[in-house]
Each structure stands twice: as C-alpha cells, then as structure tokens.
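Reading the structure
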Amino acid sequence: MSAPTVESVTAALAGVIDPEIRRPITELGMVRSVDVAPGPDGAAVTVGVDLTTAGCPMKDTITREVTATVRGLEGVTSVAVDLGVMSAEQRAELRSMLRGDAAEPVIPFAQPDNLTRVYAVASGKGGVGKSSVTANLAVAMAQQGLKVGVVDADVYGFSIPRMLGVTQAPTKVDDMILPPVAHGVKVISIGMFVPAGQPVVWRGPMLHRALQQFLADVFWGDLDVLLLDLPPGTGDIAISVAQMLPTSELLVVTTPQPAAAEVAERAGSIALQTRQQLVGVVENMSWLETPDGTRVEVFGAGGGQAVADNLSRATGTPVRLLGQIPLDLELRAAGDAGTPVTLASPDSPGARVLHEIASSLAHRSRGLAGRSLGLTPVTR
Ligand SMILES: Nc1ncnc2c1ncn2[C@@H]1O[C@H](COP(=O)(O)OP(=O)(O)OP(=O)(O)O)[C@@H](O)[C@H]1O
Ligand SMILES: [Mg+2]
C-alpha cells in the first residue's frame, strides 16, 4: 500500500475548485499547510485552509470537498481541516492575481478583446416577464455548459435573487466582490446589499455607479454569456448599459397585447440611438393552454411578431421573433420558489420554449454587422 505524501495530497487538492472563484484552491493560495502523520493503519492528514474572509459562505462546501478528496487517497485513515483566514497581504495578492494590477477597475466586457456575449433584457412595460426570461435563459444556458453571469440591473425593483434562490451575500476580497453562484450561474443584485424590505431610493448618478460596480468590481472570470435584467422602460439604466457596454445586444420582451407591443417597440428603438444591436424579440404570456388542448389567447395575439417586424423596419436589419412563451403555472411557481422552471420542470410548455431560445442565443456567433471596427479612415 502506498502511503500518502505531502506532495500527493497537495496534487489531489488541486482538484478542489473554489466555488466562487472557480479556480483550484491550491492556485489561489488557500492551502496553508499539509501534514501527514503516518500511523499503523495509515496516515492522518491535516490540511490547513485559509478562507478569503472569516464569514466565507462557502466554508462548509470547501471543508467537505477537501475532506472527501483527501479521504479518497490510498492509505488515508482520517482527515482534519484546519480553517483559517487569509491575511491582508494574502488577500491583496489574490486580488492582483485575479484582476491584475490595474489601479482603476475596468469593465472586462467593454475591452476590445472581450469574447463574452452580453444580452440586455429590456421591455417597455413592467411585469411582462423580463426577469423570468433572464433567470430562465441563464439557467438553461448554464445547463448547456456555458459559463453564465447575471446582473440584476433593476435596482429599484430587483427580483433576480428570489427567482434564482440566492440568499447568501457576496464575499468581498478587498475591493473585489465575488458573486454568489446559483444553479451554476454567477449572480449579482443590489438586493444582496440592502437590508430585506428596505427600498432603494437612489438618483440617476448612483444607479450608474451601482451598475459600474457590478460590472467592474465583481470578479466574473471568463464568461461565455452575461445577461442583464433591465428595469422596464427606457430610463437611465438602459442608457448607462449602452454607454458602459457598447457591444451589448438588446433582447426585447413583450406580451401579445398591441398596447404592450407599442411600448416594447419604443424600448427596442433606443438601440437605434445607442447603436446597440437587437438580438431579437421574445413574446411572453402568449396563450394559456386548457386541459383539452385549446389555446386561450388571454392577452390577444400578434404583439411579438409586430414588434419584430417594426423593429426590423426601423433598424434596417432583420430582428427575429425568437419564441412565444405560453402562460405556465409551473413557470410562475418555480420562479417564486427560486429554481427556474428550465431547471425545475424542463418539460413544462414554458420551459421548452425557453430552452429553445437559450439554444439559439448560445449558438449565435458574434457578428460584426453594425459594429464599429475601431478603424479610422486615412486622409490623404
Ligand atoms: N409565461 C408565464 N407564465 C406564468 N407566469 C408568468 C409568465 N411570465 C412571467 N410570469 C409571472 O409574472 C410575474 C411578472 O414577471 P417578471 O417579474 O418576470 O416580469 P418583469 O418584466 O421582470 O417585471 P418588472 O417590470 O416588475 O421587473 C411574475 O410573478 C412571474 O412569475
Ligand atoms: Mg423584473
């Protein structure tokens, strides 16, 4: 029987991934010590682990995974985890390792070499299902293996933490914020920073600053897709998003109702002013299917297609209707319970459409049409 060594234990610990940062704990300087005490039946191993903060919400997960990993090695009879906390220097080192030494935090998604697709989910009217669509698409894309982040940009009316079932607060490493992970999705929301039940009363510049922090101070790592849940309408936040993330694309959500469609169109047409691309239109609450299979069009019909057609005309580029999501009791209940329906009941009628939309967005390649290539004409 081969006895474990400090080296073999350390090598095995490289398989333990920090749940928030998503890198091996050995790379992050979290493994302080490894002690192997040989005994007659095998070795007793003690692993010293330094957490980023004393109240690290992930400490149980990390302890469990370290224990299970070391326990799985041949010749180990017992494992003890000795938890500690990183010193200020260690935290500063970690921060600069993750983010480089830039003095001012930059928005990674606004850099020229950024490969993350950024979708801003917008609507004219409130209550049409933006947040439900955002949460469900995020979880569906994560299930497809993509690395996904969600920014709840609805600062006054945040609802993303509840829909994704996030109760834990973000961890801070110096001035860097580690977003909680829910159902495989990294999430940040103002709701994680204000005491429960307290309203957010901020003016435009503060909203702008909050969004800036969500994008620049949060450690997102490499994401394939970032989804932003916008507040309804064409307010300050929509403009800030366009300024901070010029390559973000708008996903417009509407109900089939003509009145809702008109305002949705207005929300979509800000893309003309901000030069954002429109990724498509999602019609929500399209119909209610009764047990005998008939479709009751509770909110009328045709709104989604009308918005897509009119926005195509206005922008001169085709804007597709990406899908029609029926009214779905399970979708509502799953959102309230904190596990989006695309995960909780993937075969429900609403979830199926959302999965299709997620696939079509996940497999889109980044187009250059309508984008500034950053070229300046040469004058002769
Ligand atoms: N297809 C659907 N079937 C049943 N219920 C739905 C559907 N879509 C959304 N809902 C429910 O409608 C309500 C409003 O949805 P949601 O919060 O996603 O809208 P919103 O556009 O984000 O609203 P707000 O403008 O307030 O941010 C929620 O309770 C949600 O569960
Ligand atoms: Mg919302």
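Residues numbered from 1 in each chain as written. Chains lettered and ligands numbered in written order. Predicted model: local features only at pLDDT ≥ 70, side-chain atom pairs only at ≥ 80, totals over all residues. Heavy atoms only, no water.

1. Quick look at the packing of aromatic side chains
Scanning the entire structure with this criterion turns up 2 aromatic pairs. The ring of Trp-287 carries Arg-295 above its face, with NZ or CZ at 3.9 Å from the centroid. (Phe/Tyr/Trp six-rings, centres within 6.5 Å; stacked < 30°, edge-to-face > 60°. Lys NZ or Arg CZ within 6 Å of the ring centre and 35° of its normal.)

2. Considerations on a nonpolar patch on the surface
Where nonpolar side chains cluster on the molecular surface, the patch consists of Leu-288, Val-296 and Val-298 and spans about 220 Å² of accessible area. Residue position: Val-298 is located in the loop between β14 (295–296) and α9 (303–315). (Patch = residues over 30% accessible without salt bridge, like charges linked within 9 Å, V, L, I, M, F, W, Y side chains within 5 Å. Areas by Shrake-Rupley, 256 points an atom, 1.4 Å probe, with all protein chains shown as cover. Salt bridge = Lys/Arg side-chain N within 4 Å of Asp/Glu carboxyl O. Helix = DSSP H or I, 4+ residues; strand = E, 2+ residues; numbered from the N terminus.)

3. Quick notes on the site of ligand 1
In the region of ligand 1, 18 residues are neighbours, and Lys-130, Ser-131, Ser-132, Asn-284 and Asp-328 sit closest. Residue Gly-129 places a main-chain N or O atom 2.9 Å away from an oxygen atom belonging to ligand 1. At 2.8 Å from an oxygen atom of ligand 1 is found a side-chain nitrogen or oxygen belonging to Lys-130. Look at ligand 1: alone it shows 620 Å² of surface, and the protein chains cover 78% of it. It is helix α4 (residues 130–143) that provides the largest number of residues to the shell around ligand 1, a total of 3 residues. (Near = heavy atom within 4 Å. Polar contact = N/O pair within 3.5 Å; in protein donor to acceptor, adjacent residues only side chain to side chain.)

4. Focus on the domain arrangement of the chain
A common way to express how large an interface is: the accessible area buried when the components associate. Its domain assignment divides the chain into domain 1 (6–98) and domain 2 (108–362). Placing the centre of domain 1 and that of domain 2 at their C-alpha centroids yields a distance of 37 Å. Contact residues are listed per partner, giving 13 residues for domain 1 and 14 residues for domain 2. Carbon and sulfur atoms supply 59% of the area that domain 1 and domain 2 bury against each other, a total of about 1200 Å² over both sides. Counting the surface domain 1 buries against domain 2, the share from its top three residues, Glu-20, Arg-22 and Arg-95, is 45%. Our enumeration of links across domain 1 and domain 2 arrives at 1 salt bridge. Asp-175 is paired through a salt bridge with Arg-95; the nearest N and O atoms lie 2.7 Å apart. In this assembly, domain 1 and domain 2 are joined by 2 residue pairs in polar contact (both at pLDDT 80 or more). In terms of residue class, the side of domain 1 that touches domain 2 is made up of 7 nonpolar, 2 polar and 4 charged. (Domains from an automatic or database assignment. Contact = heavy atoms within 4.5 Å. Buried area = accessible area lost by both parts, 1.4 Å probe. Nonpolar A, V, L, I, M, F, W, Y, C, P; charged D, E, K, R; others polar.)

5. Quick notes on the packing of helix α8 (residues 258–274) against α9
One way to put it is that α8 packs onto α9 with a least axis distance of 9 Å and a crossing angle of 30°. In this view, α8 runs roughly parallel relative to α9, as classed from their interaxial angle. Every pair of crossing elements has a handedness; the one defined by α8 and α9 is right-handed. Within the contact between the two elements, α8 uses Ala-261, Ala-264, Glu-265, Gly-268, Ser-269 and Leu-272 and α9 uses Gly-303, Ala-306, Val-307, Asn-310, Leu-311, Ala-314 and Thr-315. Its residues assigned to classes, the contact of α8 with α9 comprises 7 nonpolar, 5 polar and 1 charged. (Axes fitted to C-alpha atoms, helices over the stretch in contact; angles between N-to-C directions. Parallel < 35°, antiparallel > 145°, perpendicular 65-115°, else oblique. Left-handed = near helix turned anticlockwise from the far one by under 90°.)

6. Description of the pattern of salt bridges
Applying the stated criterion across every chain, the model contains 6 salt bridges. Residue Arg-295 pairs with Glu-289 through a salt bridge whose shortest N-O separation is 3.9 Å. The network of salt bridges with shared partners includes Arg-32, Asp-50 and Asp-82.

7. Comments concerning helix α7 (residues 236–244)
The α-helix advances 3.6 residues per turn, and as a result positions three or four apart in sequence lie on the same side. Here α7 has its buried residues at Ile-237, Ala-238, Ser-240, Val-241, Ala-242 and Met-244. In this structure, the buried residues of α7 make contact with β4 (117–122), α6 (204–216), β10 (225–229) and α8. (Buried < 20%, exposed > 50% of the residue type's maximum accessible area, 1.4 Å probe, protein only.)

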